[in-house]
2 protein chains.
Amino acid sequence: MTYPSIKDQLPSWNDGTSKQAIVDFIARVSTPDSPDFVEPAERIAVFDNDGTLWSEQPVYVQAVFVLERVKALAEKHPEWETTQPFKAALEGDLDSVVAGGEPVLLELAMATHAGMTTHDFSLIVRNWLSTAKHPATGRLYTEMIYQPMLELLDYLRSNQFKTFITSGGGIEFIRVFAEAVYGIPPEQVIGSSIRTQYEYRDGNPALVRLAEFNFIDDREGKPVAINQHIGRRPIAAFGNSDGDLPMMQWTSSGEGARFCLYVRHTDAEREWAYDRDSFVGKFDKGIEQAQADGWTVVDMQNDWNTVFPLRD
Amino acid sequence: MTYPSIKDQLPSWNDGTSKQAIVDFIARVSTPDSPDFVEPAERIAVFDNDGTLWSEQPVYVQAVFVLERVKALAEKHPEWETTQPFKAALEGDLDSVVAGGEPVLLELAMATHAGMTTHDFSLIVRNWLSTAKHPATGRLYTEMIYQPMLELLDYLRSNQFKTFITSGGGIEFIRVFAEAVYGIPPEQVIGSSIRTQYEYRDGNPALVRLAEFNFIDDREGKPVAINQHIGRRPIAAFGNSDGDLPMMQWTSSGEGARFCLYVRHTDAEREWAYDRDSFVGKFDKGIEQAQADGWTVVDMQNDWNTVFPLRD
């Protein structure tokens, strides 16, 4: 069938197969007389965050934040000066920290993201995000978001999709900016988390962050967390690495029309080109299944005419 | 200030202090020029389920379901005939099972609610709810819901509140009927849960339910789960027992206008009268804090002119 032409809601996307696939899918599921029509309540779309909605190079934004927190708290922990991985973090030795992978980042996060209330943690994140700048571009991190993905989020929502984030990053970190930056409210942010405990502090109820992990929302954890939070299988999923593959398999294997899209980082000039071999963006099995199953793969260099939002 | 009079959206509520408190609160937070105005995005209301939205006597509906599952699975478990608590469950000895409290119900739930996929579990629940009837009234359990609370849910939503369930019951059990019965979609249901695991079954991705508890959403767990799922502090909370008290403390201690309401079971004729001393409805510290802090306490016998929805 053919659909009525509408105003271009994706101006930062060049005409091509990626843009066409998005427009076709949204029309198929939201046009009432389409054979693939999906009830609005079932129009669930899930988005990875790092590398899908904002830049993750040279390292995850939250990893930069963790290192800053180690420095901020060092005075209270003189032992960190001689203990790894804290010593490397204090010396700004990002390479060593990154080389340690997830376990090292988790250890640093446990030592710096716990002990305070959820409210106080959100204030710390908010303060940091309001001034911290990306070392290469000098932009605020919340300006290192992808303009084409913002348009896509709006386009989906204007067609009654509910948009969720499903990130390996910290749920309480992302919630601080997701509503203002992406239009995604806290209750639609899913991420990794530590345990919290309800108690009275100074006579008032508080949720206190404990130094114990609750859930890692990555790889096989993503479909688990999607089910826990949403309770429906998404009909559309957006990611950029193998960490998103189980979420895409889970999304694409449901009945009816489904849409999976991978963002491929191919633009060394305007963003970064890294693809299969980066610490942050391992992307190997994912690209193979995308090609085998006909998922949409965005070539950033060719598909996007704008990467970051224009400044005022 | 005074507010314009509107059509009565709570016809099953008798005029009185409870109804007036509800109407006043909603007007205060949703009237744009009110000093207590709350942005629509922050209008979060949380509801307990058992005893607050539907009946919980003589025992939680899910406990009845658990006993039915024990019987349905007994053929595959001959050892249950001689092992407690399964023996009591098979003999329909509800009193013994209930006397064992939460640990016994959890043991029975673990043995009967795990091993299948999330999809298959939802089908089992759906089938059971479509025919199982309450022993005293002969109604389907999904007809043992409180008409005044349905009106309240609608009233809140018509004023741009987002309504959530926060139940000690199983999240995957409640999600099966919450959308059709209460108008609350799966992503707004919070409850107790067991772990699930992502794997391939018969060549397709599946989420398999494991016999391991994930989270008990009761008492101090309720504010923790509210923060985990919603990420905002509610401005209104509704419950009926001490299990809801931490959720109410958490809700009422936020800044700005807040509303807490307890349903008190005082109607032995139309529902049940149990109050402080019931297995299902322990209600002691909660009623004391409600009275001390001026929370709204619904007297079912006097405040509600209808309890259950009228049948066609």
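Our structure is the block above this text.
Residues numbered from 1 in each chain as written. Chains lettered and ligands numbered in written order. Predicted model: local features only at pLDDT ≥ 70, side-chain atom pairs only at ≥ 80, totals over all residues. Heavy atoms only, no water.

## Details of the packing of helix α9 (residues 221-229) of chain B against helix α10 (residues 245-252) of chain B
To describe two helices that pack against each other, one gives the angle between their axes and the distance between the axes. All names here are of chain B. Worth spelling out the cut-off: Only the stretch in contact is used when a helix axis is fitted, and all axes are lines through C-alpha atoms; the angle between N-to-C directions ranges over 0 to 180 degrees. Segments assigned H or I by DSSP are reported as helices when at least four residues long, segments assigned E as strands when at least two residues long, and all are numbered from the N terminus. Just so you know how the angles are binned, under 35 degrees is roughly parallel, over 145 roughly antiparallel, 65 to 115 roughly perpendicular, and the rest oblique. Contacts between residues were defined by any pair of non-hydrogen atoms, one from each residue, lying within 4.5 Å. Under the scheme applied here, ten amino acids are nonpolar (Ala, Val, Leu, Ile, Met, Phe, Trp, Tyr, Cys and Pro), four are charged (Asp, Glu, Lys and Arg), and all others, including Gly, are polar.
Taken N-terminus to C-terminus, the directions of α9 and α10 make an angle of 55°; their axes are 7 Å apart at the nearest point. Here α9 lies oblique to α10, going by the angle between them. For the pair α9 and α10, contact is made by K222, P223 and I226 and by P246, M247 and W250, respectively. For the contact of α9 with α10, a count of residues per class yields 5 nonpolar, no polar and 1 charged.

## Topic: the interface of chain A and chain B
In plain terms, the rule: In short, buried area is how much 1.4 Å probe accessible area vanishes from two parts on joining, totalled over both. Only one rule defines a salt bridge in this text: a Lys or Arg side-chain nitrogen within 4 Å of an Asp or Glu carboxyl oxygen.
Taken together, the contact pairs 35 residues of chain A with 35 residues of chain B. Carbon and sulfur atoms make up 46% of the area that chain A and chain B hide from each other, which totals about 3,000 Å². Of all residues in chain A, A:E187, A:Y198 and A:Q228 give up the largest surface area on contact with chain B, accounting jointly for 23% of the area buried on that side. Counting every contact that joins chain A to chain B gives 6 salt bridges. Close ionic contact of A:K162 with B:E187 constitutes a salt bridge, the shortest N to O distance being 2.8 Å.

## Comments concerning the relation of the copies chain A and chain B
Look at the two chain copies: a rotation about an axis and a shift along it is all it takes to match them. Short version of the rule: Least-squares superposition of the copies uses the C-alpha atoms of those residues scoring a pLDDT of at least 70 in each of them.
Turning chain A through 180° and shifting it by 0.0 Å along the axis lays it on chain B, with an RMSD of 0.0 Å. Each copy turns onto its partner about a two-fold axis. Among all C-alpha atoms of chain A, that of A:H229 lies closest to the rotation axis, at 3.2 Å.

## Some details on helix α8 (residues 171-182) of chain A
A turn of α-helix holds 3.6 residues, and therefore any two residues three or four places apart point the same way. Residue and element names in this part refer to chain A. Put simply, the rule is: Burial classes: relative accessible area under 20% of the type maximum marks a residue as buried, over 50% as exposed, and values in between as partly exposed (1.4 Å probe, protein chains only).
The element α8 is extensively covered by neighbouring structure, given that 9 of its 12 residues are classed as buried. For α8, every residue scored as buried is listed here: I171, E172, F173, I174, R175, V176, F177, A178 and Y182. After α8 finishes, the residue G183 shows a positive phi value of roughly 75°.

## Some remarks on the nonpolar core
Worth spelling out the cut-off: Residues belong to a common nonpolar core when they are buried Ala, Val, Leu, Ile, Met, Phe, Trp, Tyr or Cys residues joined through side-chain atoms within 4.5 Å.
By size, the foremost hydrophobic cluster in this structure holds 70 residues, and its most contacted members are B:M149, B:Y182 and B:F238. A:F25, A:L53, A:L73 and A:L156 belong to the second-largest nonpolar core, a separate cluster that totals 69 residues.

## Considerations on the sheet that holds strand β4 (residues 204-215) of chain B
All names here are of chain B. Rule in force here: Whether two strands pair depends on DSSP finding at least two bridges between them.
The strand order across the open sheet built from 7 strands is β4-β3-β2-β1-β5-β6-β7, with neighbouring strands paired in mixed fashion. Both edges of this open sheet fall to β4 and β7 (296-299), since each of them pairs with a single strand only. Pairwise comparison of adjacent strand axes, ignoring direction, gives a mean angle of 30° for this sheet. Relative to strand β6 (residues 259-264), strand β5 (residues 236-239) is paired through 4 bridges, and the arrangement is parallel. Each residue of the ladder has a partner; that of A236, found in β6, is F259.

## Quick notes on the sheet that holds strand β3 (residues 189-201) of chain A
Strand pairing within a sheet occurs via backbone hydrogen bonds; the two strands may be parallel or antiparallel. Residues and elements named next belong to chain A. Strands sit in the order β4-β3-β2-β1-β5-β6-β7 across an open sheet of 7 strands; the sheet is mixed. On the outer flanks of this sheet lie β4 (204-215) and β7 (296-299), each paired with one strand and no other. Neighbour-to-neighbour, the strand axes of the sheet open up by a mean angle of 30°, direction not taken into account. When β3 meets β4, the two strands line up antiparallel, connected through 8 bridges. Bridge pairing in β4 links T196 to R209.

## Some remarks on the side chain of A:S30
Residues and elements named next belong to chain A. Operational definition: Think of a polar contact as two N or O atoms within 3.5 Å of one another; within protein, one of them needs to be a possible hydrogen donor and the other a possible acceptor, and neighboring residues in sequence only count if both atoms come from side chains.
For S30, the position within the fold is in helix α1 (residues 17-30). S30 gets classed as buried once you look at its relative accessible area, which sits at 16%. A polar atom in the side chain of S30 sits 2.5 Å from the backbone oxygen of I26. Once residues lying within four places of it in the same chain are set aside, the contact partners of S30 are F37, R43 and N159.

## Overview of the packing of α8(A) against α9(B)
For the pair α8(A) and α9(B), interaxial distance at closest approach is 10 Å and the crossing angle is 55°. By the angle between their directions, the pair α8(A) and α9(B) is classed as oblique. Taking contact as the criterion, the partners of A:I171, A:E172 and A:R175 in α8(A) are, on α9(B), B:N227, B:Q228 and B:H229. Here the contact of α8(A) with α9(B) is composed, by residue class, of 1 nonpolar, 3 polar and 2 charged.

## Observations concerning helix α1 (residues 17-30) of chain B
Residues and elements named next belong to chain B. Put simply, the rule is: To estimate the expected span of a helix, subtract one from its residue number and multiply by 1.5 Å.
The end-to-end C-alpha distance of α1, which contains 14 residues, comes to 20 Å, matching closely the 20 Å that a straight helix rising 1.5 Å per residue would cover. S18, K19, I22, F25, I26, A27, V29 and S30 are the residues of α1 that are buried. Buried residues belonging to α1 abut α7 (147-158), β5, β6, β7 and α12 (300-303).

## Side note on the pairing of β6(B)
Residue and element names in this part refer to chain B. Cut-off, in case you're wondering: By convention, orient the strands away from the viewer: a clockwise path from the first strand over the helix to the second makes the crossover right-handed.
Of all 6 residues that make up β6, 6 are buried, and the element is covered over most of its length. Read as a crossover between parallel neighbours, the route from β5 over α10 to β6 is right-handed. Examined bridge by bridge, β6 and β7 share 4 bridges and lie parallel to one another. Each bridged residue has a counterpart across the sheet, and for Y262 the counterpart in β7 is V297.

## Considering the environment of B:W54
Residues and elements named next belong to chain B. Note on placement: W54 falls in the loop between β1 (44-47) and α2 (61-73). Residue W54 is classed as buried on the basis of its relative accessible area of 1%. Considered as a pair, W54 and Q147 are 93 residues apart in the sequence and their alpha carbons are 9.2 Å apart. In terms of polar contacts, W54 uses its side chain to reach the side chain of D50, at 2.8 Å.

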